[in-house]
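Chain residues, written in single-letter form:
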Amino acid sequence: MTEDRDADRRKRLRFRAWHRVMKEMDFILGSFADSYLARMSAAEIDAFERLIEMPDADLLSWISGSGDPPDPDLTGLVERLRAVTLQPEDYR
């Protein structure tokens, strides 16, 4: 039963990640969820859920590196998003 709840939670989070207000955030968070959500620990899923509750403008600022999340528990997740989102070829 717990596995079903975990699978349902991951499915809901994936949907929410792909259905944001800003299309840019759809792509960033949705792609991240597709790649990593299935392998996240319970604590990482909790952090991802808190992260996607934040306004898109704040998320974009944090992921682009022009700001940092006020919640230190989200910092590691934002750093992972930066690592997979901002590739060296983006700076050429």
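Residues numbered from 1 in each chain as written. Predicted model: local features only at pLDDT ≥ 70, side-chain atom pairs only at ≥ 80, totals over all residues. Heavy atoms only, no water.

Participant: Explain a negative patch on the surface to me, please; I cannot follow it from the model alone.
Facilitator: A contiguous patch of negative charge on the surface is contributed by Glu3, Asp4, Asp6 and Asp8. In this structure, aspartate 6 sits in helix 1 (residues 2–18). A relative accessible area of 35% places aspartate 6 in the partly exposed class. (Patch = residues over 30% accessible without salt bridge, like charges linked within 9 Å, V, L, I, M, F, W, Y side chains within 5 Å. Areas by Shrake-Rupley, 256 points an atom, 1.4 Å probe, with all protein chains shown as cover. Salt bridge = Lys/Arg side-chain N within 4 Å of Asp/Glu carboxyl O. Lys, Arg positive; Asp, Glu negative; His and termini not counted. Charge placed at Lys NZ, Arg CZ, Asp CG, Glu CD. Helix = DSSP H or I, 4+ residues; strand = E, 2+ residues; numbered from the N terminus. Buried < 20%, exposed > 50% of the residue type's maximum accessible area, 1.4 Å probe, protein only.)

Participant: What's the story with the pattern of salt bridges in this structure? I'm lost.
Facilitator: Think of it this way: side chains of opposite charge can pair up when their charged atoms draw near. As enumerated under the stated definition, the model contains nine salt bridges in all. Ionic pairing is found between arginine 14 and aspartate 34, a salt bridge with its closest N-O pair at 2.5 Å. Of this pair, arginine 14 sits in helix 1 while aspartate 34 sits in helix 2 (residues 23–36); the two residues are 20 residues apart in sequence, bridging distant segments of the chain. We classify arginine 14 as partly exposed; its relative accessible area is 41%. Classification of aspartate 34 by relative accessible area gives partly exposed; the value is 40%.

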